[in-house]
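Residue strings, one per chain:
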Amino acid sequence: TAVEETLVLIKPDGVARSLTGEILRRIEAKGYSLVDLRMLQADRDLLAQHYAEHEGKPFYEPLVEFMESGPIVAIRLAGNRVIEGFRSLAGATDPTTAAPGTIRGDLARDWGLKVQQNLVHGSDSPESAQRELALWFG
Ligand code: DAT
Ligand code: MG
């Protein structure tokens, strides 16, 4: 069977805070393979498709506005069990309670905003990974 792939995004807060290198370092040090990588400014249409599952939730609008606010680094990442493994590296959604040792736990915090600025996105299932990789990498 083919090696698993996932979509990782370094969100606008990660790029703005110059944490791109630190985040890539952690991913590479863990042993996953960078297959493709691009920096882009996401438009609303792409973000609406990416976050379709969250439409209508209270944090949806602030989330899309935040994701539109600056450049994003999109990564096609490969490795056995990389979907689960990257989410483990990233830590819990809420950076305040994300475990120390994780990207979010070590490098992100609550800024008192309506949306969690938690540095990274990782696909949550094989189905999501396929769908999201097609959106961001075509
Ligand atoms: P994850 O990014 O850990 O997969 P998710 O898919 O549930 O989390 O949510 C997508 C993003 O939306 C998340 O990274 C940050 C934001 N978010 C989620 N739940 C939130 C909440 N209760 N309050 C504010 N922002 C939230
Ligand atoms: Mg998610």
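Keep in mind that this is a model prediction, so the values were computed, not measured. (Residues numbered from 1 in each chain as written. Chains lettered and ligands numbered in written order. Predicted model: local features only at pLDDT ≥ 70, side-chain atom pairs only at ≥ 80, totals over all residues. Heavy atoms only, no water.)

Caption draft 1: Seen up close, the nonpolar core. Ranked by size, the top nonpolar core spans 20 residues in total, and within it I23, I27, L77, F86 and L119 carry the most contacts. Looking at this core, the elements with two or more residues in it are strand 1 (5–10), helix 2 (20–30), strand 3 (72–78), helix 5 (82–90) and helix 6 (103–107). When neighbours within four sequence positions are excluded, L77 is seen to be in contact with E4, E5, T6, V8, I27, Y32, S33, L34, V82 and F86. Formed by 18 residues, the second largest nonpolar core is a distinct cluster that contains A42, A74, L133 and F137. (Core = buried A, V, L, I, M, F, W, Y, C linked by side-chain atoms within 4.5 Å. Buried < 20%, exposed > 50% of the residue type's maximum accessible area, 1.4 Å probe, protein only. Helix = DSSP H or I, 4+ residues; strand = E, 2+ residues; numbered from the N terminus. Contact = heavy atoms within 4.5 Å.)

Caption draft 2: Spotlight on the environment of A129. Mapped onto the fold, A129 is located in helix 7 (residues 126–137). Taking the C-alpha atoms as reference points, A129 and I75, 54 residues apart in sequence, are found 12 Å from one another. Leaving out residues up to four positions away in the same chain, A129 has contacts with E5, T6, I83 and S123.

Caption draft 3: Local environment of the site of ligand 1. Near ligand 1, the surroundings consist of K11, Y51, H54, F59, L63, R87, T93, R104, K114, V115, Q116 and N118. A distance of 2.5 Å is found between an oxygen atom of ligand 1 and a side-chain nitrogen or oxygen belonging to T93. For ligand 1, a nitrogen atom lies 3.2 Å from a polar atom in the backbone of Q116. A breakdown of the residues in the shell around ligand 1 according to their chemical character gives four nonpolar, four polar and four charged. (Near = heavy atom within 4 Å. Polar contact = N/O pair within 3.5 Å; in protein donor to acceptor, adjacent residues only side chain to side chain. Nonpolar A, V, L, I, M, F, W, Y, C, P; charged D, E, K, R; others polar.)

Caption draft 4: Expanded view of the sheet that holds strand 2 (residues 33–40). Reading across from one edge, 2-3-1-4 is the order of the four strands in this open sheet, with antiparallel pairing throughout. The strands lining the two open edges of the sheet, one partner per strand, are strand 2 and strand 4 (120–122). Taken pair by pair, the neighbouring strands of this sheet meet at an average axis angle of 20 degrees, ignoring direction. Across three bridges, the pairing between strand 1 and strand 4 is antiparallel. Following the sheet pairing, I10 is matched in strand 4 by V120. Contacting strand 1, strand 2, strand 3 and strand 4, helix 7 crosses the sheet at an angle of about 55 degrees to strand 1. (Pairing = 2+ DSSP bridges. Axes fitted to C-alpha atoms, helices over the stretch in contact; angles between N-to-C directions.)

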